[in-house]
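Understanding the architecture of this molecule
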Amino acid sequence: MTTTEPAPTTSQDDPALAWHKNVCILCSNNCGVEMRIDEREITRVRGNKSHIASKGYTCEKALRLNHYQNAKTRLTSPLKRMEDGTYIELDWDTAIAEVSEALLAVNSTHGPGKIMYYGGGGQGNHLVGTYGAALRGALGITRKSNALAQEKTGEAWVEGRMYGAHTHGEFADAEVSIFLGKNPWHSHGFDETRRVLKEIAADDSRSMVVIDVRRTETADLADYFLQVTPGGDAFLMAAILATLIDEDLLATDWIGENTVGSDAAIAAFSQIPIAEYATKAGVTEDEVRAVTRRIAAAKSVSIYEDLGIEMAPHSTLVSYLQRALSTLVGSYGVPGGMTAHTSLVPIFSYGATGKEPTDPVTGGAIISGLIPCNEIAQGITGDHPERTRALFIESANPVHSLADSALFRQAMRDVDVSVVIDVVMTETALEADYVLPAASQYEKAEITFFSAGFPTNTATMRAPLLPPLEGTLPEAEIHSRLAKEMGFLTDEDLEPLIAAAERGYDEFAAAYMTAAAAKPVLGALGAVVLYETIGRTLPDGMAMAAPMWFSAQQLAMRFPDQVRAAGHAGEDSALGNALFDALVANRDGVAITQHEHGDSFNLLRTPDQKINLDIPEMFAELAGLADSTALRTTDDFPFVLSAGERRSFTANTIMRDPAWRKKDPEGALRLSVGDAQQLGVATGDRIRITTEAGTAVAVAEVNDSMQDGHISLPNGLGLGYSPAGGEPELTGVAPNELTSADWRDPIAGTPWHKHVPARLEVVSP
Ligand SMILES: Nc1nc2c(c(=O)[nH]1)N[C@H]1C(S)=C(S)[C@@H](COP(=O)(O)OP(=O)(O)OC[C@H]3O[C@@H](n4cnc5c(=O)[nH]c(N)nc54)[C@H](O)[C@@H]3O)O[C@H]1N2
Ligand SMILES: Nc1nc2c(c(=O)[nH]1)N[C@H]1C(S)=C(S)[C@@H](COP(=O)(O)OP(=O)(O)OC[C@H]3O[C@@H](n4cnc5c(=O)[nH]c(N)nc54)[C@H](O)[C@@H]3O)O[C@H]1N2
Ligand code: SF4
Ligand SMILES: [Mo]
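The rules we used
Residues numbered from 1 in each chain as written. Chains lettered and ligands numbered in written order. Predicted model: local features only at pLDDT ≥ 70, side-chain atom pairs only at ≥ 80, totals over all residues. Heavy atoms only, no water. Domains from an automatic or database assignment. Contact = heavy atoms within 4.5 Å. Buried area = accessible area lost by both parts, 1.4 Å probe. 1 Å grid on protein atoms, 1.4 Å probe; cavity = no way out; pocket = protein on both sides within 12 Å on 5 of 7 lines; lining within 4 Å. Points joined across faces, edges and corners; volume = space filled by probe spheres on them. Nonpolar A, V, L, I, M, F, W, Y, C, P; charged D, E, K, R; others polar. Near = heavy atom within 4 Å. Polar contact = N/O pair within 3.5 Å; in protein donor to acceptor, adjacent residues only side chain to side chain. Helix = DSSP H or I, 4+ residues; strand = E, 2+ residues; numbered from the N terminus. Sits in = over half its atoms within 2 Å of the grid points. Salt bridge = Lys/Arg side-chain N within 4 Å of Asp/Glu carboxyl O. Buried < 20%, exposed > 50% of the residue type's maximum accessible area, 1.4 Å probe, protein only. Phe/Tyr/Trp six-rings, centres within 6.5 Å; stacked < 30°, edge-to-face > 60°. Lys NZ or Arg CZ within 6 Å of the ring centre and 35° of its normal. Pairing = 2+ DSSP bridges. Axes fitted to C-alpha atoms, helices over the stretch in contact; angles between N-to-C directions. Core = buried A, V, L, I, M, F, W, Y, C linked by side-chain atoms within 4.5 Å.

Digging into the domain arrangement of the chain
Per the domain assignment, the segments making up the chain are domain 1 (15-69), domain 2 (79-145 + 349-448 + 456-594), domain 3 (153-344 + 610-623) and domain 4 (632-762). Measuring from the centre of the C-alpha atoms in domain 1 to the corresponding centre in domain 4 gives 30 Å. Contacts between the two partners involve eight residues from domain 1, matched on the other side by ten residues from domain 4. Roughly 850 Å² is buried in total at the junction of domain 1 and domain 4, and carbon and sulfur atoms are behind 68% of that figure. When the buried surface of domain 1 facing domain 4 is broken down by residue, L26, R64 and H67 rank first, second and third, together holding 60% of it.

Given below as structure tokens:
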């Protein structure tokens, strides 16, 4: 059915000199790269100029990918935790049998619905999540969550109500680009990020607005830099909206045609005292008016909010206010503006928008099907009869990445059974009853579902560079073995489906429909069944890609014209088959949909396909600003700590070996020149940080980009690494030893990690 590309060759025909195409998996961009391999070492990495989205671009981090692939602490055997906290090795058959039995026992002892699934993929391995969905389907697991529920669920709550869809900006073309609590120079988030930022900076006809508490590397390129007081964004955005009305800058006709509820919104925004709110935000009224005029004058405005908003006070409100801004200036569905987009597999669901269910234990809103991350441990550790009794964690490190590490560790101990699938021994694996070693992302087919391009959207299916490290298995195989062991899937089920798949996709589809009607769990097992059937017909190493056949069919059914416009031929199922074959065959990525800007409104899922501005909960929170201030500090904790800042050598917890870092080896605590003088601290001194939740010692870095009263620690530090075995050595501070699960947004339950009240003491001058 498909052909692979010819094996890579070089003039010398020396395998160590061949370039292999893949992607960098250290952030959501997944830039296309070419790699040289010597035995199992990644010896060189360069940008892939023929990659459809990144076109050769990479940042400095991609060069260091061998630290991921060949981390000295790779897991090579299933492990089982003993009473005393030590681990013994198990063979795979025993591990699969014991894990299966333990999970089934949770269902039979406590009734269905008490197992929780967490994770399902990091920045570049989202096929994992499709297999996790198979496990959930078979076991009836309804409780699930992942890192999105500690950053993007407030945004999803707002977007569900406003658009019924996820939206994204077109920064490569926007006349005005706004980065709101976002430092794309380091964190990226759209194709060829630094190139685009430099292009905007060099173009007099375009403007960049940066709203940040720190004068970031991005701020240095900005035309308008508003250095807000930490937590001041709601006041600032409210003042900008009020200025739009005050200066009569609304896109009135466009608003009338394309939105509903604008009267309520405009009435609310016109109440805002501009000068007072500018002051509360830490900027001047003149700055607010100047930036508002520039935004209103632009033909297109794109806005990127990120963690500076999503992990700070009023996070959900700011998510709404910034979208109200792009809407009230008419910048949706125009080239360079905001727009909804297609996804090969959507990572958000807006099915329950407006009637989100609540967690039976904690009462938190379950947005996009995800339990709020800050409530997961609280939903386990009490004695509530409905509490979660088992944790299945895959490709995530919640003990390190979620608020209050100590509480999550406790939760891992309090469940009947916990299972972790990872490539290395992590903080979370160290608490698990069973640890199953996965093949790395360069040892199997993988893909990311993050791509949000418009008008062209793309996807890059990767092929393995190397066979799985001995002792490891790809998640597809792990989940298939679990399904078989638990009795959900038998050889008799598979035989006719394998035979049908050999005759072609359409024969397979018909046979699978019949089989699932007779035995519904086969439908629930989706990805696993596809892996075992269609997977066998794919080129070597690509079996794990099989679930994308279904996703390609879905996309082609929903957007046939746009899939054809992207270069795929055929009608009905043939179109989906063609898209899938292209994905499997192509290492440079393929266009999956090609839109026109006129389609933007068709992508909205609101009842009348207009943008809804009337969200009463937001008007109530907006009114509440009158009695509040930006800072949440106290006399005991006078500083605001950003617990987890993106820097040049941070990559969540994907890189564990501290040697990968070329700068900032220990992850310094940054503080302002003024605060350093006051405290008598110099760069290199040790400094103690204390919050309500914990205390830690870091090395200080006096940094003139910081404002007084604001301090920051990088994310992804404080990881244990023990290449020689024994006690893991820690480098730097693990930010969530300092955070509390209760410090969170009232609507979405997302943490306020960028706004942790803290105090400082000098340890060694
Ligand atoms: N190098 C690197 N890149 C990454 C990652 C990584 O670990 N390392 N992780 C990836 C992931 S998972 C994500 S989610 C993204 C996150 O990407 P970003 O959100 O861009 O990253 P952060 O540095 O955490 O936070 C962004 C900015 O928020 C600012 N900030 C803090 N408090 C406030 C405030 O109250 N108001 C405003 N306006 N700004 C504030 C900080 O100064 C910082 O510059 O990065 C991705 N890219
Ligand atoms: N205080 C504070 N906390 C934060 C943040 C912050 O700014 N401040 N940032 C937050 C954000 S935005 C995010 S997204 C989260 C990220 O936190 P997590 O969602 O926990 O993700 P990662 O740290 O990326 O960990 C991914 C895991 O996947 C493993 N892995 C890699 N490849 C594979 C594979 O092929 N298969 C399997 N099974 N495993 C694999 C890695 O070893 C690692 O353990 O952290 C959050 N935590
Ligand atoms: S870290 Fe992100 S931006 Fe840098 S090369 Fe990797 S995928 Fe690209
Ligand atoms: Mo993230």
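That covers the picture; the talk isn't over yet.
Observations regarding empty space enclosed by the protein
Empty space left among the atoms is revealed by rolling a probe the size of a water molecule over them. Under the counting rule described, the total for this entry stands at eight cavities of 30 Å³ or more. Taken as a whole, the largest cavity holds about 90 Å³ of empty space. Lining of the largest cavity is provided by C24, L26, C27, N30, C31, Y57, T58, C59, K61, A62 and H188. The residue inventory of the lining of the largest cavity, partitioned by class, reads seven nonpolar, three polar and one charged.

A closer look at the site of ligand 1
Near ligand 1 there are 31 residues, and of these S187, D212, D233, T650 and K754 occur at the shortest range. Here a nitrogen atom of ligand 1 sits 3.5 Å away from a polar atom, N or O, in the main chain of G308. Among the elements of the structure, α5 (184-187), β10 (207-212), α12 (307-310) and β21 (639-645) are those that each provide at least two residues to the shell around ligand 1. The leading source of residues in the shell around ligand 1 is β21, at three residues.

Some details on the site of ligand 3
Taken together, C24, L26, C27, N29, N30, C31, T58, C59, K61, A62 and H188 make up all the residues around ligand 3. When each cavity is represented as a set of grid points, ligand 3 is found to reside in the largest cavity.

Observations concerning the pattern of salt bridges
A full pass over the atoms with the stated rule returns 45 salt bridges. Of the charged contacts, one joins D588 and K21 as a salt bridge, the two residues approaching to 3.1 Å between their closest N and O atoms. On the criterion of sequence distance, the pair formed by D588 in the loop between α26 (572-585) and β19 (590-594) and K21 in strand β1 (residues 20-23) is long-range, its members being 567 residues apart. Its relative accessible area of 24% is what places K21 among the partly exposed residues. Several salt bridges share partner residues, and in doing so they unite R214, E217, E645, R647, D664, R670 and E701 into one network.

Comments concerning the packing of aromatic side chains
For the structure on display, the rule yields 21 aromatic pairs. Here W743 and W752 contribute two aromatic rings whose centre-to-centre distance is 5.1 Å and whose plane-to-plane angle is 85°, an arrangement assigned as edge-to-face. Its relative accessible area of 8% is what places W752 among the buried residues. These aromatic residues form a ring-pair network of at least three members: Y505, F508, Y512, W549 and F580. A cation sits over an aromatic face here: R46 above W19, 3.8 Å from the ring centre. Lying over the aromatic face of W157, R161 brings its terminal NZ or CZ to 3.7 Å of the ring centre.

Some details on the sheet that holds strand β16 (residues 417-422)
In a beta sheet, neighbouring strands pair by backbone hydrogen bonds and run either parallel or antiparallel. Taken in spatial order, the seven strands make up an open sheet running β5-β4-β17-β16-β15-β6-β7, and their pairing is mixed. A single partner strand is all that each edge strand has here, and the edge strands are β5 (87-89) and β7 (143-145). Sheet twist, expressed as the mean angle between neighbouring strand axes with direction ignored, is 15°. Pairing geometry for strand β4 (residues 79-81) and strand β17 (residues 434-437), over two bridges, is antiparallel. Within the sheet, the bridge partner assigned to L79 lies in β17 and is V435.

A look at the side chain of E34
Looking at the element boundaries, E34 is found in strand β2 (residues 32-38). Filtering out sequence-adjacent residues up to four positions away, E34 remains in contact with W19, H20, K21, R44, V45, R46, G47 and N48.

Topic: the layout of surface pockets
In this structure, the second largest pocket occupies an estimated 800 Å³ of space. Taken together, 36 residues form the lining of the second largest pocket, with M425, T426, L430, S722 and P728 sitting closest to its centre. For the lining of the second largest pocket, the class distribution of residues is 13 nonpolar, 14 polar and nine charged. The residue makeup of the lining of the second largest pocket includes at least three contributed by each of domain 2 (79-145 + 349-448 + 456-594) and domain 4 (632-762).

Here we look at the sheet that holds β1
What the three strands build is an open sheet, ordered β1-β2-β3; its pairing is antiparallel. Sheet topology places β1 and β3 (41-47) at the edges, where each strand pairs with a single neighbour. Each strand axis lies, on average, 40° off the axis of its neighbour in the sheet, ignoring direction.

A word on the environment of V673
Here V673 shows up in helix α28 (residues 673-679). For V673, a relative accessible area of 38% gives the class partly exposed. Excluding anything up to four places from it in sequence, V673 contacts V702, N703 and D704.

Some words on unusual backbone geometry
That bond from F454 to P455 is cis: its omega, 0°, falls within 30 degrees of zero. Looking at the element boundaries, P455 is found in the loop between β17 and β18 (456-459). Look at H314: it is not a glycine, yet its phi comes out positive at around 65°. Residue classification places H314 among the buried residues on the basis of a relative accessible area of 9%. Even without glycine at this site, Q609 takes up a positive phi of about 55°. Take Q609: its relative accessible area is 33%, and that puts it in the partly exposed class.

Section: the nonpolar core
In terms of nonpolar packing, the biggest core is built from 199 residues, with F269, Y320 and I534 touching the most fellow members. In terms of residues, this core owes the most to one element, helix α7 (residues 233-246), which gives ten residues. Those residues in contact with Y320 that sit more than four places away from it in its chain are V158, M162, A265, F269, L613, I615, M618 and F619.

Some points on the pairing of β10
With six of six residues buried, β10 is to be regarded as a mostly interior element. The alternating pattern of β10 places S207, V209 and I211 and M208, V210 and D212 on opposite faces, both of which are buried. Bridge analysis of β10 against strand β11 (residues 224-227) gives four bridges, and the strand direction is parallel. Following the sheet pairing, V210 is matched in β11 by F225.

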